[in-house]
Amino acid sequence: MTRIGVLSDTHGHLPPQVFSFFRDCDELWHAGDIGPDVLDQLRQFKPVRAVWGNCDSFSLHYELDEQLFFEVEGQRVLMRHIGGYPGHYPYQLRRTLQLAQPDIFVCGHSHILRVMYDNQYRLLHINPGAAGIQGFHRTSTLVRFVLNPEPSALEICDFPRVPAS
């Protein structure tokens, strides 16, 4: 059993809810647009798997991959920043989904929380929304779940986005 915390679009701001909501998680997955210093803070807290986003600095582009494919508890996971959602995936991603056949697809970018099953590609689609303060969203969101070995006990933490002063 592995407890997973998923976040995206922090854009350099790590709210305190990350540390409380993910306290019991075994690892964190960050789906891009991390921003300065956030990756280091997360790594000091928990093991992290992360991809770079379109707003991330070139230093993160060198340190992280645009796309990750990995396995946890026998579940194949594909993670990238820009990914769309079921029925609205970019062409190149559709091809990747066909070839890789992930069980779970994690993306960010839209700042819109979406957790849904994709019947066409037979995968769980997770976009955790945005955890940071930059963007149009009014509510910041985080997702956590358990792999045992299939995804279960999925929970969402939502809290008002506090704009920068």
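Here the structure is shown first, and the text comes after it.
Since we're looking at a predicted model, the values are computed, not measured.

The rules we used
Just so you know, the residues in each chain are numbered from 1, in the order the chain's sequence is written. Local features in this predicted model are restricted to residues whose pLDDT is 70 or higher, and side-chain atom pairs enter the listing and the counts only when it is 80 or higher, whereas totals over whole chains, interfaces and linings include all residues. Side-chain numbers come from the whole structure's heavy atoms, not from hydrogens or water. Segments assigned H or I by DSSP are reported as helices when at least four residues long, segments assigned E as strands when at least two residues long, and all are numbered from the N terminus. For every residue, the accessible area (1.4 Å probe, protein chains only) is compared with the maximum for its type, and the residue is labelled buried under 20%, exposed over 50%, or partly exposed between those bounds. Whether two residues touch is decided by their heavy atoms; if any such pair falls within 4.5 Å, the residues are in contact. When DSSP finds two or more bridges between two strands, those strands count as paired. Interaxial angles span 0 to 180 degrees and are taken between N-to-C directions of axes, which are lines fitted to C-alpha atoms, for helices over the stretch in contact. When two rings of Phe, Tyr or Trp (its six-membered ring) have centres within 6.5 Å they constitute a pair, described as stacked for plane angles under 30 degrees, edge-to-face for angles over 60, and tilted for the intermediate range. Comment: the charge-over-ring label is applied if NZ (Lys) or CZ (Arg) is within 6 Å of the ring centre and within 35 degrees of the ring normal.

Draft legend 1. Highlighting the side chain of Gln75. Tracing the sequence through the fold places Gln75 in strand β5 (residues 75–80). By relative accessible area, Gln75 is classed as buried at 10%. For Gln75, the contacting residues outside a window of four places in its chain are Phe70, Asp103, Ile104, Leu147, Pro149, Glu150 and Pro151.

Draft legend 2. Local environment of the sheet that holds strand β8 (residues 123–128). Spatial strand order, β4-β5-β6-β8-β7: five strands in an open sheet with mixed pairing. A single partner strand is all that each edge strand has here, and the edge strands are β4 (67–72) and β7 (113–118). Between one strand and the next, the sheet's axes are offset by a mean angle of 15 degrees, whatever the strand orientation. Sheet topology note: the β7/β8 ladder contains six bridges and is antiparallel. Residue pairing for β8: Leu113 is matched across the bridge by Pro128. Against the sheet, helix α4 (residues 91–100) engages β4, β5, β6 (104–106) and β8, with an angle of about 165 degrees to β5.

Draft legend 3. Local environment of the packing of aromatic side chains. Counted according to the given criterion, the structure contains six aromatic pairs. Between Trp29 and Phe70, the ring centres sit 5.2 Å apart and the planes meet at 80 degrees, which makes this aromatic pair edge-to-face. With Trp29 in strand β2 (residues 27–30) and Phe70 in strand β4, this pair connects stretches of sequence that are 41 residues apart. One exposure class covers both Trp29 and Phe70, and it is buried. An aromatic cluster is present here, built from Trp29, Phe70 and Phe145 joined pairwise through their rings. Sitting over the ring of Phe45, Lys46 keeps its end group 5.3 Å from the ring centre. For Arg114, the ring lying beneath its charged end belongs to Tyr85, and the centroid distance is 3.6 Å.

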